[in-house]
Amino acid sequence: MVPESPMSDPPITEPLPSSVPDASGFHAPNFPGAARPRTVLVLGGGGMRGMAHLGVLMALAALGFQYDAVVGTSIGALVGAMAAGGMSLEAMEKTISELQKGDYFQLNFLKFLLKGTRAPSMYSGERFRDKLNDLVPDLSFADLRVPFFCNAVQLESGGSVFWGTPGMDDIPLVDAVYSSCALPGIFEPLELDGKHYMDGGIVDAIPLRFAKTLRPELIIAVDLTVKATFTPPKYKDRVITTLWRSFEIAEEVLAEHQLHMHADNRVALIQPKVGHLSRFDFADVTEIVRLGEEEAYRVLTSNAATRNLVRCDIMDGLACPVTPRDYVSIRIDRDLCIGCGMCEMVCETDAYWSQPGEKATVRKLSNYECTRDHACARNCPTSAIHLGNL
């Protein structure tokens, strides 16, 4: 079962400071005795790679972590809605393990025959939405067990919305999740009051910035964006794969900037090793769940923000003491380095030093400030940079 939420505890009676708006509806509970940190769980986007979120939820429950609010993007919105609605982990695992590609994708042949490129989407959004009706709890935002928020992009303005915030919480939960999952060109955008909404991951695949407005003391964030340090996705020289790969690259870069700005000592960042999988890889959902659970155990038991919060009883399969993973180790292959300076340009933590025409130098062999965004390795044109302790 998903851990019982502390949101049922009596809320703090003192009003929030005037500088902290109460618009989010997220209130800090009273904790008897030693207080645990107010915690927001952020579940990022990534297509079927998002099944790793279930593994993370399993690890959270096993280690005794509780969360006070859930923020989801795209597939993270779907899993987050299921968790916030109170669905048990057993039910979620059973439902997810039975997912098939046909549950989501039915080509709009008739639309393409009649409209060609003027068709609103490649696949039938109605079929996808019908499947969501079976997965998403039939509850309003107000009736969810913990506060839940998910993002979407309004196509007319290009701005983001977060369903679940005041004034944006009267939409049916299934519509909110659909809009957050409506991948561009794949499913039709959600039309609401003359506006159109699509996948929030277009601009914010890991919404740390919004999570911080909820004033938590701890953020547990799951990042599923593709990393160049893992096996790269298979690329085929076709129009649709080129467009999709372009979308993923933009998503990676935006996620990189989000991590640069917002991954601080309050954020425990979980990055399951699923970057080798495609967005629509349904081959082994069980293995994806396992990868999420495995990485969550590794991070939560070793990260400085969470390792002292882990339950004290001994668990089978977990060795103690756990090696801290606060730093990222950096190595440059001097034979491959060409001195282009890209590493110094993209690193936000001053880990590299480069002079024109000379090979780069690593300033921090053990970089404690690294935001684990993989930017240096991804942007190195000769793959000379190797990161460790990830």
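Structural data are supplied above this passage.
Residues numbered from 1 in each chain as written. Predicted model: local features only at pLDDT ≥ 70, side-chain atom pairs only at ≥ 80, totals over all residues. Heavy atoms only, no water.

K.L.:
Sorry if this is basic, but what is going on with the packing of aromatic side chains here?
P.N.:
The description of an aromatic ring pair rests on the distance of the ring centres and on the angle between the ring planes. If you walk through the whole model with that rule in mind, you get five aromatic pairs. Plain terms: the ring middles of W163 and Y197 are 5.0 Å apart, the flat faces sit at 65° to each other, and that makes the pair edge-to-face. Of this pair, W163 sits in strand β4 (residues 160-163) while Y197 is found in strand β6 (residues 195-199), placing the two residues 34 residues apart along the sequence. Site record: aromatic cluster; members linked through ring pairs are F149, F162 and F210. (Phe/Tyr/Trp six-rings, centres within 6.5 Å; stacked < 30°, edge-to-face > 60°. Helix = DSSP H or I, 4+ residues; strand = E, 2+ residues; numbered from the N terminus.)

K.L.:
Please explain the layout of surface pockets as it appears in this structure.
P.N.:
Using a probe with the size of a water molecule, rolled over the atoms, empty space left in the structure can be pinpointed. As a volume, the second largest pocket reaches approximately 420 Å³. Lining the second largest pocket are 21 residues, and of these D264, V267, N303, D326 and R372 lie nearest its centre. Breaking the lining of the second largest pocket down by element, the ones donating at least two residues are β8 (267-270) and α9 (285-300). Looking at the lining of the second largest pocket, the element that brings in the most residues is β8, giving three residues. (1 Å grid on protein atoms, 1.4 Å probe; cavity = no way out; pocket = protein on both sides within 12 Å on 5 of 7 lines; lining within 4 Å. Points joined across faces, edges and corners; volume = space filled by probe spheres on them.)

K.L.:
How should the environment of L139 be read in this particular structure?
P.N.:
Relative to the assigned elements, L139 resides in the loop between α5 (125-135) and β3 (148-154). Each C-alpha atom, one on L139 and one on V174, is 9.0 Å from the other, the two residues being 35 residues apart in sequence. Look past the residues within four positions of L139 in its chain and what remains in contact with it is G85, L144 and L173. (Contact = heavy atoms within 4.5 Å.)

K.L.:
Would you mind showing me how to read the pairing of β8 here?
P.N.:
Look at any regular strand and the pattern is simple: side chains alternate between the two faces of the sheet. With burial as the criterion, each face of β8 is covered, one bearing V267 and L269 and the other bearing A268 and I270. Of the pairings in the sheet, the one linking strand β7 (residues 218-222) to β8 comprises four bridges and is parallel in character. The partner of I219 across the bridge, within β8, is V267. (Buried < 20%, exposed > 50% of the residue type's maximum accessible area, 1.4 Å probe, protein only. Pairing = 2+ DSSP bridges.)

K.L.:
Just checking my understanding: could you explain empty space enclosed by the protein for this structure?
P.N.:
In this structure the tally under the stated criterion is six cavities of 30 Å³ or more. Around the second largest cavity sit 17 residues that line it, and C347, T349, C370, D373 and C376 are the ones nearest its centre. A class-by-class count of the residues in the lining of the second largest cavity yields nine nonpolar, five polar and three charged. (Nonpolar A, V, L, I, M, F, W, Y, C, P; charged D, E, K, R; others polar.)

K.L.:
Quick question: what am I supposed to make of the state of the cysteines here?
P.N.:
Two cysteines whose sulfur atoms are joined by a covalent bond form what is called a disulfide. Overall, the coordinates contain zero disulfides when judged by the stated rule. C150 forms no disulfide, and the closest cysteine sulfur to it belongs to C181, at a distance of 7.9 Å. Overall, C150 belongs to the buried group, its relative accessible area being 0%. (Disulfide = S-S within 2.5 Å.)

K.L.:
Help me understand the pairing of β7, please; the structure alone is not making it clear to me.
P.N.:
When you tally the buried positions in β7, you get five out of five residues, the bulk of the element. Here β7 shows no split at all, with L218, I220 and V222 on one side and I219 and A221 on the other all buried. Relative to β7, strand β1 (residues 39-43) runs parallel, the two sharing five bridges. Following the sheet pairing, V40 is matched in β7 by I219.

K.L.:
I would appreciate a short explanation of the sheet that holds strand β13 (residues 385-388) in the present structure.
P.N.:
The pairing of strands in a sheet happens through backbone hydrogen bonds and is either parallel or antiparallel. Here we have three strands laid out as an open sheet, ordered β12-β9-β13, and antiparallel in their pairing. In the strand order of this sheet, the two ends are held by β12 (366-367) and β13, each with one partner. Examined bridge by bridge, strand β9 (residues 328-332) and β13 share four bridges and lie antiparallel to one another. Within the sheet, the bridge partner assigned to I330 lies in β13 and is L387.

K.L.:
Would you explain the packing of helix α2 (residues 75-84) against helix α6 (residues 173-181) in this entry?
P.N.:
Where α2 contacts α6, the two axes come as close as 7 Å, and the packing angle between them is 155°. Judged by the angle between their axes, α2 and α6 are roughly antiparallel. Across from I75, A77, L78 and A81 in α2, the residues of α6 making contact are L173, V177, S180 and C181. Of the residues in the contact of α2 with α6, the class split is seven nonpolar, one polar and no charged. (Axes fitted to C-alpha atoms, helices over the stretch in contact; angles between N-to-C directions. Parallel < 35°, antiparallel > 145°, perpendicular 65-115°, else oblique.)

K.L.:
Looking at this structure, how should I read the nonpolar core?
P.N.:
Side chains of nonpolar character tend, in soluble globular proteins, to be buried together. Judged by nonpolar contacts, the single largest core of 72 residues is most densely connected at L57, L60, L78, F148 and W163. Beyond its immediate sequence surroundings of up to four residues, L57 is in contact with L41, Y67, V79, A83, L89 and M92. In this structure, C337, A375, C376 and I385 belong to the second largest nonpolar core, which totals 19 residues. (Core = buried A, V, L, I, M, F, W, Y, C linked by side-chain atoms within 4.5 Å.)

K.L.:
What am I meant to see in the side chain of D199 here?
P.N.:
Along the chain, the position of D199 falls in strand β6. The class of D199 is buried, set by a relative accessible area of 1%. Within polar-contact distance, the side chain of D199 engages the side chain of S74 at 3.2 Å. Of note is the side chain of D199, whose polar atom sits 2.7 Å from the backbone nitrogen of G201. When neighbours within four sequence positions are excluded, D199 is seen to be in contact with T73, S74, V153, S179, S180, C181, A182, L183 and P184. (Polar contact = N/O pair within 3.5 Å; in protein donor to acceptor, adjacent residues only side chain to side chain.)

K.L.:
Got a minute to help me understand the packing of helix α1 (residues 52-63) against helix α3 (residues 89-97) in this structure?
P.N.:
Relative to each other, α1 and α3 sit at 160°, their axes nearing to 11 Å. With respect to α3, the axis of α1 lies roughly antiparallel. Crossing angle aside, the handedness with which α1 passes α3 is left-handed. When α1 is examined against α3, the residues L54, L57, M58 and A61 are found in contact with a partner set consisting of L89, M92, E93 and I96. Looking at the contact of α1 with α3 residue by residue, the class counts come to seven nonpolar, no polar and one charged. (Left-handed = near helix turned anticlockwise from the far one by under 90°.)

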